[in-house]
Amino acid sequence: MNEKNITLKWHKPCELEDLDNFFKKEGKGLGGLYLWIFKGKPERIWYIGEAQNFKARFKKHLEYVTHGLYTAVKCATDEDLCDKYKEISENSDKAEQEGCFYKPKNDNFKRETLQEYVDRDAREKYVEKAKKGIQLNLDIFLNCYFVFVETKCTAASRQEVESIFMHKRKVEYLEHIKKKYRRDCEINQAFLGTVSKKHDENCQYIFTNTFSDPDTRLKIKKILKDIGIELKGKGDVWTFPEEAE
């Protein structure tokens, strides 16, 4: 089995109002892995992504959020995102009708215009759905904080790291709600994400983790534990797959 050694440098978790300062100072010109942490009970990872440049990627995220271009679910901060996911996935059509689940239609803010809706009723329904979608997108985004991770590796390996984190989250969250993954289910795709480059199944990944400060280390360990990652030893190391240890 091949082996890859990758260092993950974790920055202090960042609130929404602190993003601009992070991009100007500590995170200026940096890229790597990043997580959106939804402030529910308990906190859960809503989104996992990778980028060559954090600031440029988040500029695009903000555009998509404010235009309602992401699939989104309705979840309060006193709810468990996993439980809400299970509830909605059991009847996504009903959840969408009730405004608890939103999926954009064909990237509609980019590819369609209101002028194409000649029928007034159809146009009004389109506008109403779009408004609900934007609100759900904003509700999720505004109730998240963000974690940025420098990845000391190539762009291809960075995408593999993203794939591993997404895999760990999928396994743990599906186990939590006792549910099987269905590739054709839109709510599954929304909640668990789409992998851009799958990790190498014939490779053992060895991750050494460093942190900006002790408090960040404790916070990140808690976040990682939620998706089944336990840091071990002096270098806070974890390996994937674990059975290859």
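Definitions and cut-offs
- Residues numbered from 1 in each chain as written.
- Predicted model: local features only at pLDDT ≥ 70, side-chain atom pairs only at ≥ 80, totals over all residues.
- Heavy atoms only, no water.
- Helix = DSSP H or I, 4+ residues; strand = E, 2+ residues; numbered from the N terminus.
- Buried < 20%, exposed > 50% of the residue type's maximum accessible area, 1.4 Å probe, protein only.
- Areas by Shrake-Rupley, 256 points an atom, 1.4 Å probe, with all protein chains shown as cover.
- Salt bridge = Lys/Arg side-chain N within 4 Å of Asp/Glu carboxyl O.
- Core = buried A, V, L, I, M, F, W, Y, C linked by side-chain atoms within 4.5 Å.
- Contact = heavy atoms within 4.5 Å.
- Axes fitted to C-alpha atoms, helices over the stretch in contact; angles between N-to-C directions.
- Parallel < 35°, antiparallel > 145°, perpendicular 65-115°, else oblique.
- Nonpolar A, V, L, I, M, F, W, Y, C, P; charged D, E, K, R; others polar.
- Pairing = 2+ DSSP bridges.
- Phe/Tyr/Trp six-rings, centres within 6.5 Å; stacked < 30°, edge-to-face > 60°.
- Lys NZ or Arg CZ within 6 Å of the ring centre and 35° of its normal.

### So, the overall build of the chain
Scanning the chain from N- to C-terminus turns up nine helices and eight strands. Classification of the 245 residues of the chain by burial places 44% in the buried group. Here the chain displays about 13300 Å² of accessible surface, and carbon together with sulfur accounts for 47% of that area.

### Quick look at the pattern of salt bridges
The tally for this structure, following the rule as stated, stands at 14 salt bridges. The partner of Lys4 in a salt bridge is Glu160, with the nearest N and O atoms 2.9 Å apart. One end of the pair, Lys4, is in strand 1 (residues 2–10); the other, Glu160, is in helix 7 (residues 155–177), and 156 residues separate them in sequence. Judged by relative accessible area, Lys4 falls into the partly exposed class, the value being 26%.

### Considering the nonpolar core
If you look at the biggest cluster of nonpolar residues, it comprises 62 residues, and the most contacted ones within it are Trp10, Phe148 and Phe165. With seven residues, helix 7 is the largest single contributor of residues to this core. The residues touching Phe165, leaving out its near neighbours within four places in the chain, are Leu8, Trp10, Leu33, Ile48, Leu224, Ile227, Ile229 and Trp238.

### Describing the packing of helix 3 (residues 81–89) against helix 7
Put simply, helix 3 and helix 7 touch, their axes get as near as 10 Å, and they point 70 degrees apart. Comparing the axis directions of helix 3 and helix 7 gives the class roughly perpendicular. On helix 7, the residues touching Cys82, Asp83, Tyr85 and Lys86 of helix 3 are Tyr173, Leu174, His176 and Ile177. Looking at the contact of helix 3 with helix 7, its residues break down into five nonpolar, one polar and two charged.

### Section: the sheet that holds strand 1
Strands belonging to one sheet form pairs held by backbone hydrogen bonds; the direction of such a pair is parallel or antiparallel. A sheet is described by the order of its strands in space; here six strands give the open sequence 3-2-6-1-7-8, paired in mixed fashion. Looking along the sheet, the strands with just one partner apiece sit at the ends: strand 3 (44–51) and strand 8 (237–240). Within the sheet, the average angular offset between the axes of one strand and its neighbour, ignoring direction, is 25 degrees. The pairing of strand 1 with strand 6 (residues 144–151) spans three bridges and is antiparallel.

### Some points on the packing of aromatic side chains
Tallied over the full model, the rule gives 21 aromatic pairs. Ring centres 5.4 Å apart and planes at 45 degrees place the aromatic pair Tyr64 and Tyr70 in the tilted group. The exposure class assigned to Tyr70 is buried, which follows from its relative accessible area of 18%. An aromatic cluster is defined as three or more aromatic residues linked by ring pairs; in this entry it consists of Phe22, Phe23, Tyr34, Trp36, Tyr47, Phe54, Phe58, Tyr64, Tyr70, Phe141, Phe146 and Phe148. Here the basic side chain of Arg44 rests over the ring of Tyr173, its NZ or CZ set 5.2 Å away from the ring centre.

By themselves, these observations are geometric and do not establish any function.
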